[in-house]
Amino acid sequence: MMFTVPMEFLSAAILSKDAQAVSDELLRIGSLDAVTVKSVSGVRAGSSAPGLRSTPGKSVEMSRIQELRRRVEGFLTLANPPIRPSDPADFSSETVPDVEAIEKNLGGIASEIQSLREGQKDLQDKLLRLEELRRQAEVQGSRDTVVRLPSSASSVLSYRRGSVPEENSSRFEREFGTLAALTIPAQSASGGRVPMMIVTMKRDEGRVQALLSRYEWEEGQEDHSFAGTGSEALKEIDVRRQRIKAQLEDKAREFDGLFASRGSNLADMWASLRAAELSMRMRSTFVMTDSVSFLSGWIPASDRGKVEEGIRKACAGRCHIEWLAVGQAAPDGSEPPVEMKNSKGLAPFQTLVTNFGIPRYGTIDPTVFVAVAYLSMFGLMFGDAGHGLVLLLAGALLLKRAKRRRSGDTLARLILYCGGAAIVAGLLFGSVFGRPIMPALWFDYHGVVNGEPSSGGSVRDIYDILGITIKFGMAVLITGFAINWVNLVKSRRWKTLLFDKAGLAGGWIYLAGAWMAFYFVGHAYKALPPVGLIVPLLGVPTILLGLKEPIEYLDKRKRGEVGPMTLGTILGFVMEWLVGILEVYSGYLANTLSFMRVAGLGIAHVSLMTAFFQIAAMASPKGGLSVAGILILVLGNILVIALEGLSAGIQALRLNYYEFFSRYFNGTGRAYKPISFRSAE
Amino acid sequence: MPSPLSEYGYISAKLKARISTFLSEETLEKAAQAKSLQEAFLLLRGTYLEIAESRYAATGDLKAVEADLASLEFDAYSFSINQVPEPASSFIRAKARGAELDLVKGALRLWFDAHARGRVIDDRTGYLYKGRSLGSIDLGDLVNAPTPADVAAILAGSPYALIVSEFLTQAVTTGSVFEMESSLDREYFENLFQSLEQLPLRDRKVAERFVGIDVDIHNIINLIRLRSFNKIASDRTGRYLIDFGTAIPTSALSQAYESDDLSGLAAAVLGVRGNAMEAGWDSRDSKARLSSLEHMLRRIRVAEARKCLAGHPFSIGIVLAYLSLLSEQLRNVRTIVNAKYFGLANERLRSFL
């Protein structure tokens, strides 16, 4: 869209008994950027719409609904994959969510989660004990040796072989499970006793002795069938660790299962809370008396019919609706909000614009221009088809990942487009991974930078490249001027259009200056245009610049905003004029020359690749490319893609924000934020 | 001679970038108000403490989370040491020994519990620091050492070996590690003061303020311990309190120990007589008042850190500010998650933050 979306101001008076139905309908349509009318006679102070009533006499505060909604959102993110609830298909604010029940429900879920976590912790404790045992067993190097009893004096582990009565064996094992210990019972009992090997930490000797005594442990005989070596212990530790890890995975599945079963319930809760919250927010912008309610706000002009029909239907025609024409001021003096409607493909560039500021309402939406300028600048600075292909693939991968995670894809798209721009530029300059391996569609950038004689093209040396970027910069700046003029015409600010430094006077000076510069260059830097031409060409607009302040002063004087003219006032005009001249002449020159960085970065790109190829050649003395040479080239390409890519991206942004936007951009707009299920908060 | 810009330019930018990723007051407040432990952890997702949330999700183990946070703080010191030139690097290394000492003291307490008190420590040894920043000290070996001499041998080559070999046997006999820990603390502070003296004047002035607050906090905590657990005779309190030029005078500390009159302490901390702004000051309980003073000192340290961040960017102040703010933030996070785990009421939780 060329301009920001046209808005109309809606004012409506309805019966208070219809407020709920009208509010629901407006929420369903989702177009109203509500404005609370602050002064309506007969309205009691503080008489905004009351909170929702879930039970007679019991009002629910919006803050509580919001808090619950956020809690539900938190739980939804715990699910694997996270659950993204959808807006309620059919809702009515008559159906008030039972916040007590929801709170109880959420408390139940929190308790279940806590219980699962406790189970995980218990397993984790067991795992940590086994891991400590394992670490100590490994340190002792007992993997391949038969352990001699009693345990080695230097070991921190105690190994014992013996037996316990069969009836005590399970309790015995359970008790030892609370220590960093391992009990390995034999497969079968013998003589009413279960042979066992126990591995314990010597630091727990006191507790171990107490347990051995309690459960009638008898130290083992050498001729026991149960072997029990250090390696057996390690093997058993590993088996048990695997078992615990499997149990931990079961716990994770149980956790996922909790949300699988509760997911739709949570989603429904979210939808009802969200509907209630937005409904309350909508009605909080109404101003009500006992019988009549007033609502107002901005709506895109294209939605006018839909909104009016919706309001009339909701209140069965019991309403009075007024629309202010586009351009008329709102009763509260507010500016219309700004909606920028661009295709999804332009979303990254719209983000670049809104990051700087919201354009003023009614001005040109610069998104398309930023897209063209940004990509052109990037291409000129990063003109290599091979490197561009890498960026394209990186952008595509990031985009795929963003889609999978259902997260923002702005950066991914931007990288994708920059890759495309770099490929196009690479084809124009005949550069692929730093080599001019294909004929350039425009000129051989590498050849020009490296001083190789060209074959009759118009671009023969670095100065020609600089000239291209300066001309490109001039085109960008002139576009900025043109946008500014269109905006000023649309807003009928004729005096600013004529006399401002970014208006016709400033543009005239810029174009005249540009023509003179080309004249000077064209005459081998030896001659300027005749004085008879310079004086009118530059003199007239320079004088026009000086008229701006006096004319504005006279306007203010007519409106009674300023007093009579004094010497100080005249001196002020002169100072403003002189500063304005300085800004125009030196500032515009600086802005134009600033675009030389585009050439600089492009030249740096080529030079870096040339250097890497030379280093690779030096590393391949026998000719061709050695392994070292290939490695140098690969690393060099990676470095150039990373460094130059980042530099080019940042410099393109800077040129847009500073050189381009400063011609026309007025970031005083207010973003359009309708109360809608689609709004972020 | 290198300029402060060349010495601190990189680390200043790096640490300020790290500080910008810290949790905001709003996030901490939301975490404190969370209705359950899991919901408090959810707020850490997408932040630099995401590892804590992941650890809790994987293990359900709060102690493992705390161990991770302790490692994070310790690693921050290790990072800072490598980024600044001498003599600032030595000072930071000396300060890092405080974090190292906490890890070693923790391991010594476990050893004491197991070998002197006969308690089972198997549920706690899994959380011992296993990183490489402690040099040759293996805390796992330490807790399993059979005798105090073996413990000292494990600590050989470290500043702790001598003190441990002198005091650990005595601790087993007396049933308290307080003497040993106090000696370790004293040794730490003496070493810190020595390295403080080596700093150039501008850095020294900044560092003195931070060290002064650290000393005050240490003394207040020790005062609480002395009054609550150890019942030491008042003429012997001096050996457990650190004397440092800018800190609360030990005379005020001794006075506070002997009686319930904490006005001297309050005056030293607040710079005014009588008035105290903290909740808990009106309490008759002197322990609550001392805790309140400790809380005030922590806030003063945070304010000092913020002042450094707003001031001259090329000095040791940036590093100390980062470490102080990180320490305070991790402490708050630990407090919040433990409060949620134990079901502490919000008002009570706030008194600890």
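What you are looking at is a predicted structure, and each value in this text was computed from that prediction instead of being measured.

Turning to the overall build of chain B, a few remarks are in order. Looking only at helices and strands, chain B features 16 helices and zero strands. Taking all contacts inside chain B whose residues are at least 6 apart in sequence as the whole, residues at least 24 apart take part in 66%. Accessible surface, chain B: about 15,500 Å² in total, of which carbon and sulfur atoms supply 52%.

Here we take up the environment of R70 of chain A. Summarising the element assignment, R70 of chain A is placed in helix α2 (residues 62-78). A residue is classified by how much of its surface remains accessible, and R70 of chain A, at 40% relative accessible area, is partly exposed.

Frequently, the measure chosen for interface size is the accessible area that the parts lose on association. On the chain A side, the residues contacting the 28 residues of chain B number 29 residues. Broken down residue by residue, the surface that chain B buries against chain A is led by Q38, D122 and N144 of chain B, which jointly contribute 24%. The closest approach of N and O atoms between E39 of chain B and R71 of chain A, which form a salt bridge, is 2.6 Å. Per-class residue counts for the side of chain B that touches chain A are 11 nonpolar, nine polar and eight charged.

Right, let's get into a positive patch on the surface. Together, K400, R401, R404 and R405 of chain A give the surface a local cluster of positive charge. Looking at where R405 of chain A falls in the secondary structure, it is placed in helix α10 (residues 385-405).

Attention now goes to the nonpolar core. One broad trend across soluble globular proteins is that nonpolar side chains are buried collectively. Core analysis: the biggest nonpolar cluster contains 92 residues, and F91 and I92 of chain B have the highest contact counts within it. The dominant element in this core, judged by the number of residues it contributes, is helix α6 (residues 88-115) of chain B, at 15 residues. Membership of the second largest hydrophobic core comes to 72 residues, among which are L352, L380, V449 and V606 of chain A.

Residues and elements named next belong to chain A. Enumeration according to the criterion identifies 57 salt bridges over all chains in this entry. One salt bridge in this structure joins E552 and K548, with 3.7 Å as the shortest N-O distance. Separated by four residues within a single helix, E552 and K548 lie in helix α16 (residues 531-558), roughly one turn from each other. Judged by its relative accessible area of 19%, K548 is buried.

Residues and elements named next belong to chain A. Strands sit in the order β6-β7-β5-β8 across an open sheet of four strands; the sheet is antiparallel. Sheet topology places β6 (182-185) and β8 (218-219) at the edges, where each strand pairs with a single neighbour. Across two bridges, the pairing between strand β5 (residues 157-165) and β8 is antiparallel. Note that in β8 the partner of S163 across the bridge is E218.

Along the chain, the position of R129 of chain A falls in helix α3 (residues 99-139). Although R129 of chain A is buried, it forms no salt bridge, and the closest oppositely charged side chain is D125 of chain A at an N-O distance of 4.9 Å. Non-local contacts of R129 of chain A, meaning those with residues more than four positions away in its chain, are made with G177, T178, L179 and A180 of chain A together with D122 and D123 of chain B.

As a further point, take a nonpolar patch on the surface. All names here are of chain A. Among the surface-exposed residues, I543, L547, L554, M565, I570, V574, M575, W577, L578 and V579 lie close enough to one another that they form a single nonpolar patch of about 860 Å² accessible area. When residues of the nonpolar patch are traced back to their parent elements, those giving at least two are α16 and α17 (567-593). Counting residues per element, the nonpolar patch draws most heavily on α17, which supplies six residues. With respect to the helices, strands and loops of the structure, V579 is situated in helix α17.

In this section: the packing of aromatic side chains. Residues and elements named next belong to chain A. Applying the stated criterion across every chain yields a total of 39 aromatic pairs over all chains. When the ring of F356 is compared with that of Y657, the centres are 4.8 Å apart and the planes differ by 40°; the resulting orientation is tilted. Of the two residues, F356 is situated in helix α8 (residues 347-356) and Y657 in helix α19 (residues 627-664); the sequence distance between them amounts to 301 residues. Looking at F356, the relative accessible area reads 40%, which means it is partly exposed. Pairing F520 with Y525 gives two aromatic rings, centres 5.8 Å apart and planes at 90°, and the pair type is edge-to-face. On the basis of relative accessible area, Y525 is assigned to the exposed category, the value being 57%.

All names here are of chain A. All of the buried residues along helix α7 (residues 304-314) are V307, G310 and I311. The buried residues of α7 occupy one face: seen down the axis, they fall within an arc of 95°. In α7, the exposed positions that point more than 90 degrees away from the buried face belong to E309 and K313. Where the residues of α7 are buried, they touch β1 (7-15), α1 (19-29), β10 (292-300) and β11 (319-324).

All names here are of chain A. It is the contact of helix α9 (residues 367-381) with helix α11 (residues 410-429), at a shortest axis distance of 8 Å, that shows an interaxial angle of 55°. In terms of their interaxial angle, α9 and α11 are classed as oblique. As for the relative orientation of α9 and α11, their crossing is right-handed in sense. Along its contact with α9, which presents Y374, L375, F378, G379 and L380, the element α11 presents L414, Y417, C418, A421, A422, A425 and F429. In terms of residue class, the contact of α9 with α11 is made up of 11 nonpolar, one polar and no charged.

All names here are of chain A. Where β1 meets β10, nine bridges bridge the pair, whose relative direction is antiparallel. Bridging across to β10, E8 finds its partner in I299. Where β1 meets β11, six bridges bridge the pair, whose relative direction is antiparallel. Residue pairing in the sheet places F9 in a bridge with L324 of β11.

What follows deals with the packing of helix α15 (residues 504-522) of chain A against α16 of chain A. Residues and elements named next belong to chain A. Two elements in contact, α15 and α16, have axes whose closest approach is 8 Å; the angle formed by their N-to-C orientations is 155°. Relative to α16, the element α15 lies roughly antiparallel. In the crossing of α15 with α16, the sense of the turn from one axis to the other is left-handed. On the side of α15, the interface is formed by A505, W508, I509, A512, G513, W515 and M516, while α16 contributes L533, I534, P536, L537, L538, V540, P541, T542, L544 and L545. In the contact of α15 with α16, the residues fall into 15 nonpolar, two polar and no charged.

What counts, and where the lines are drawn
- Residues numbered from 1 in each chain as written.
- Chains lettered and ligands numbered in written order.
- Predicted model: local features only at pLDDT ≥ 70, side-chain atom pairs only at ≥ 80, totals over all residues.
- Heavy atoms only, no water.
- Helix = DSSP H or I, 4+ residues; strand = E, 2+ residues; numbered from the N terminus.
- Contact = heavy atoms within 4.5 Å.
- Areas by Shrake-Rupley, 256 points an atom, 1.4 Å probe, with all protein chains shown as cover.
- Buried < 20%, exposed > 50% of the residue type's maximum accessible area, 1.4 Å probe, protein only.
- Buried area = accessible area lost by both parts, 1.4 Å probe.
- Salt bridge = Lys/Arg side-chain N within 4 Å of Asp/Glu carboxyl O.
- Nonpolar A, V, L, I, M, F, W, Y, C, P; charged D, E, K, R; others polar.
- Patch = residues over 30% accessible without salt bridge, like charges linked within 9 Å, V, L, I, M, F, W, Y side chains within 5 Å.
- Lys, Arg positive; Asp, Glu negative; His and termini not counted.
- Charge placed at Lys NZ, Arg CZ, Asp CG, Glu CD.
- Core = buried A, V, L, I, M, F, W, Y, C linked by side-chain atoms within 4.5 Å.
- Pairing = 2+ DSSP bridges.
- Phe/Tyr/Trp six-rings, centres within 6.5 Å; stacked < 30°, edge-to-face > 60°.
- Arc of directions from axis to C-beta.
- Axes fitted to C-alpha atoms, helices over the stretch in contact; angles between N-to-C directions.
- Parallel < 35°, antiparallel > 145°, perpendicular 65-115°, else oblique.
- Left-handed = near helix turned anticlockwise from the far one by under 90°.

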